[in-house]
Amino acid sequence: SYSLQVHTHTHTHSLSTLIFTTGNTHSFLLGYVAFRGSCHYCGVEGEMVPAEDKPGTDHDNLVVGMYLGELRDMLKNTFSRTTHPSGSSEGTTLAAEILETFKDLHMDHTWTDSHYATLQFPSRIQRNSLWMVDLQGEVLEEIPLEDPDSYCAYSATGTATGGVVYVNYGRQQDFDWLQSAGVSVVGCVVVMRVGGGVSYAEKVLLAQKAGAGGALIYPDPADIPQDPRRLGLNSYTAISEHVHLGSGDPFTPGFPSFNHTQFPPTQSSGLPVIPAQPISANVASKLLSQLTGPVCPRGWQGRLPYVRCVLGRGFTSADGRRIRMGVYNTMTPVLLNNIFSSLEGRIEPDQYIIMGAQRDAWGPGAVKAGVGTAILLELARTFSNMVQNGFYPRRSLLFVSWDAGDFGNVGATEWLEGYLSMLHLKAVAYFSLDQAVEHPKHTGQTIYSQAEKEGGSWKIIKPLYLNSGAYSFTAFGGVPAMEIRFNEDSRPYPFVNTPLDTSGRLQEVLGGRLGVVGRSLGELVGLMVLRLAHDHILPLRITTYSHTALQFSAQLNKHSVELQARGLSPQWVFSARGDYSRAAETLQEAILNSDVQDETMTRIYNTRMMRVEYYFLSQYVSVVETPFRHVLHGRGEHTLSALTEHLSLLTSDPRRFNEALFRRQLALFTWTLQGAANALSGDIWNIDNVF
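Residues numbered from 1 in each chain as written. Predicted model: local features only at pLDDT ≥ 70, side-chain atom pairs only at ≥ 80, totals over all residues. Heavy atoms only, no water.

**Brief notes about the pattern of salt bridges**
- Counted according to the given criterion, the structure contains 22 salt bridges.
- For the salt bridge of Asp-403 with Arg-359, the shortest nitrogen-to-oxygen distance reads 3.3 Å. Here Arg-359 lies in the loop between β14 (348-358) and α7 (366-388) and Asp-403 lies in the loop between β15 (395-402) and α8 (410-426), a separation of 44 residues in the sequence.
- Take Asp-403: its relative accessible area is 7%, and that puts it in the buried class.
- The shortest N-O distance in the salt bridge between Arg-531 and Asp-535 comes to 2.6 Å.
- In this structure Arg-531 comes out as partly exposed when scored by relative accessible area, which is 21%.
- A relative accessible area of 15% means that Asp-535 is categorised as buried.
- Residues joined in a network through salt bridges with shared partners are Glu-348, Asp-350, Arg-394, Arg-395, Glu-599 and Arg-603. (Salt bridge = Lys/Arg side-chain N within 4 Å of Asp/Glu carboxyl O. Helix = DSSP H or I, 4+ residues; strand = E, 2+ residues; numbered from the N terminus. Buried < 20%, exposed > 50% of the residue type's maximum accessible area, 1.4 Å probe, protein only.)

Structure representation (structure tokens):
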């Protein structure tokens, strides 16, 4: 899935940005978002300019105009609850309300898709805890966690005791630096701060690989604003996040959690084997202020008060004290309910444009789930009204409220796993509305003009990340996907995954402009969906992957001497890359010269384009062992990133270069690329396989 993270915001330099996170580098939708173009619908000609209309344009006259007051009230009324996690009575009530809302809209179909999944929650019997102990393990003092309901879902349970080592963000480069400096984390409890571009799951896995016995994760004031007087986080609040390096139910990896399916016991390789717990800045200060050891390298110093940045592993007291952490979370089977509603397409009803938002939240979830759900319901209402007023989409529209998003997009992933064999034939694109709003401030500028100020539209595209609601659609399902959000560059919204993520705080952070911001994002998504639903030829750009393959070919060329010395030739990759580029360009040219009224040909062209992401799912790895099979956006040794990293060892550390593994990686990537080229070429007689 394209991780199209779009921070859309009326942007003026240091203010908010619109970011598209998209799985596919051919960013098919961005051509409409950032560049001028016209779209006709309902047989009425007229230019629709969601991205490039001039300041002062009356957005209320747009066909997908959204009602500001209703959107604001919907968020306030629906997400005023203190918490509504999956499986809770509050969560069940909210699901029923959304189901009734869909039914009231007189959609063509409304239904519930249910799964049984294993989720992890804090124990009701024993709270997660932290103690200072002596060399004999006797407790010297208990360190109150201050925010006892915070936790890391899917953490390993039990205790871990050891010295404390500060590891900055817990990135690979941080652990590499510690190793080069001779600082061992083996058997220690590592303390790391939120952020650094890596998820909690990645932090914990890297700590585990380095030999750590446990992990504590805290928000540092350098990264997360923590002045409550300026709409910052309280210093006694921790931030929760799951630590499963994957998505979906980790106990049914690669296959769906239907109650009637009987599979042998198994679990995801992405589950950690060490305990992990979020802590507040206050608790982190208490621990780190007592550490001794080497001074931190430049750039590792945070802004915790009264803390001199040292690495550890001992404490200033001479009694050999250590830290013991205890995590007692419990696994619970939970019935998940994904709520669906759809409008059938008039001409190609078996082609789906899907919009979805997570519904559950550990706290009130205004940003985490509330805004996305409110926009989802408004989009459903708007398109339903359009149909009642005579508009008929060419393709079907699906609106989905997902369950168990906080646990790693479990509801969405289980649905993908359950219907994967048909979705790659039918799903045109997926739009994730999760965390749709963060902190834009100004109106009066368009997305188009904003992108131009940023140096061009491509500046606002980011790759999909693991915790994105869209990631599984591309990396697992091979479906083009996009996530869109408004974000504040200089000051992140600090309350996500905390009890403070309320609609009141969000409204205050936005200066009372929640309705305006939400409506802008809804209109943007709605207009892109409108084009996908109506255009004869899907606006998918299929040539961008040619550039990705070309970049890798250039890297192979740089190492040609070392490769040839080992009897390795990159010629097969060059050939596959050339075949893909020619196939993509030939198809693009054929589309430009085609008659869009020829339904048979447009169907053939669209089918080949919309399956490009599916073509890049490796057929040579197990979906159970390696669910994220996409060679460009997935995870595992089959991916281009793993191959590139392995290739770099030829110069950085030749002793670690594994020739047999590299041969396998190179072969699997080459044949996946060649398979994509063959599929794009169309008929079997159009494929050149002469060497």
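**Looking at the state of the cysteines**
- Under the counting rule described, the total for this entry stands at one disulfide.
- Put simply, Cys-296 and Cys-309 are joined by a disulfide, and their sulfur atoms are 2.1 Å apart. Here the S-S torsion is close to -85°, and the disulfide linking Cys-296 with Cys-309 is therefore left-handed. Linking Cys-296 in the loop between α6 (281-288) and β11 (312-313) with Cys-309 in the loop between α6 and β11, this pair joins segments that are 13 residues apart in sequence.
- Of the residues examined, Cys-296 reaches a relative accessible area of 12% and is grouped as buried. (Disulfide = S-S within 2.5 Å.)

**A short note on empty space enclosed by the protein**
- Going through the model one piece at a time under the given rule, you end up with five cavities of 30 Å³ or more.
- Estimates place the volume of the largest cavity at around 80 Å³.
- Taken together, 13 residues line the largest cavity, and the ones lying closest to its centre are Tyr-166, Tyr-218, Leu-288, Val-307 and Cys-309.
- Considered class by class, the residues forming the lining of the largest cavity number eight nonpolar, two polar and three charged. (1 Å grid on protein atoms, 1.4 Å probe; cavity = no way out; pocket = protein on both sides within 12 Å on 5 of 7 lines; lining within 4 Å. Points joined across faces, edges and corners; volume = space filled by probe spheres on them. Nonpolar A, V, L, I, M, F, W, Y, C, P; charged D, E, K, R; others polar.)

**Brief notes about unusual backbone geometry**
- In this model, Tyr-306 sits at a positive phi of 65°, which is unusual for a non-glycine residue.
- A positive phi is found at Asn-409, a non-glycine position, where the angle reads about 50°.
- As for its placement among the helices and strands, Asn-409 is situated in the loop between β15 and α8.

**Quick look at the side chain of Asn-234**
- Here Asn-234 lies in the loop between β9 (214-218) and β10 (276-278).
- Beyond its immediate stretch of four places on either side in the chain, Asn-234 contacts Gln-226, Pro-228 and Leu-500. (Contact = heavy atoms within 4.5 Å.)

**Some thoughts on the pairing of β14**
- The buried count for β14 comes to nine of 11 residues, which makes it a mostly enclosed element.
- Inspection of the sheet shows β14 paired to β15 by eight bridges, in the parallel sense. Along β15, the bridge assignment pairs Gly-356 with Val-400.
- Handedness of the crossover joining β14 and β15 through α7: right-handed.
- Inspection of the sheet shows β14 paired to strand β16 (residues 427-432) by five bridges, in the parallel sense. Note on β16: the bridge partner recorded for Met-355 is Phe-431. (Pairing = 2+ DSSP bridges. Right-handed = clockwise from strand over helix to strand, strands pointing away.)

**Concerning the sheet that holds β11**
- Here five strands make up an open sheet; going across it, the order is β10-β9-β8-β7-β11 and the pairing mixed. Bordering the open sheet on either side are β10 and β11, each of which pairs with just one other strand.
- For strand β7 (residues 164-166) and strand β8 (residues 189-193), the ladder comprises three bridges, and the chain directions are parallel. Bridge pairing in β8 links Tyr-166 to Val-191.
- Here α6 sits on the sheet and contacts β7, β8 and β9; the angle it forms with β9, its principal contact strand, is near 125°. (Axes fitted to C-alpha atoms, helices over the stretch in contact; angles between N-to-C directions.)

**Description of the sheet that holds strand β12 (residues 322-327)**
- Reading across the sheet, the four strands line up as β5-β4-β12-β6 and stay open at both edges, with antiparallel pairing between neighbours. Two strands close off the open sheet at either side, each with one partner strand: β5 (139-142) and β6 (158-162). Each neighbouring strand pair of the sheet contributes to a mean axis angle of 25°, computed without reference to strand direction.

**A few points about the packing of aromatic side chains**
- One pass over the structure, following the stated rule, counts 21 aromatic pairs.
- Where Tyr-493 meets Phe-495, the ring centres are 5.3 Å apart and the plane angle is 85°; that geometry is what we call edge-to-face. Exposure class is identical for Tyr-493 and Phe-495. Each is buried.
- Its end group placed over the ring of Tyr-169, Arg-193 keeps NZ or CZ at 4.2 Å from the ring centre.
- In this arrangement the basic side chain of Arg-346 is found over the ring face of Tyr-392, its NZ or CZ atom lying 3.8 Å from the centre. (Phe/Tyr/Trp six-rings, centres within 6.5 Å; stacked < 30°, edge-to-face > 60°. Lys NZ or Arg CZ within 6 Å of the ring centre and 35° of its normal.)

**With respect to the packing of helix α13 (residues 544-558) against helix α15 (residues 571-592)**
- Close contact between α13 and α15 brings their axes to 9 Å; oriented N to C, the two are set at 160°. Judged by the angle between their axes, α13 and α15 are roughly antiparallel. As for how α13 packs across α15, the hand of that crossing is left-handed. Across the interface between the two elements, Tyr-545, Ser-546, Ala-549, Leu-550, Phe-552, Ser-553, Leu-556 and Asn-557 from α13 touch Val-573, Phe-574, Arg-577, Tyr-580, Ser-581 and Ala-584 from α15.
- Among the residues making up the contact of α13 with α15, the classes are represented as nine nonpolar, four polar and one charged. (Parallel < 35°, antiparallel > 145°, perpendicular 65-115°, else oblique. Left-handed = near helix turned anticlockwise from the far one by under 90°.)

**Things to note about the environment of Leu-617**
- Turning to its location among the elements, Leu-617 is positioned in the loop between α17 (612-615) and α18 (640-652).
- Residue Leu-617 is classed as buried on the basis of its relative accessible area, which comes to 0%.
- Taking the C-alpha atoms as reference, Leu-617 lies 8.9 Å from Thr-474; in sequence the two are 143 residues apart.
- The contact partners of Leu-617, leaving out residues within four places of it in the chain, are Thr-474, Ala-475, Phe-476, Gly-477, Gly-478, Arg-629, His-630 and Thr-672.

Everything listed here is a matter of coordinates, which is why it stays silent on function.
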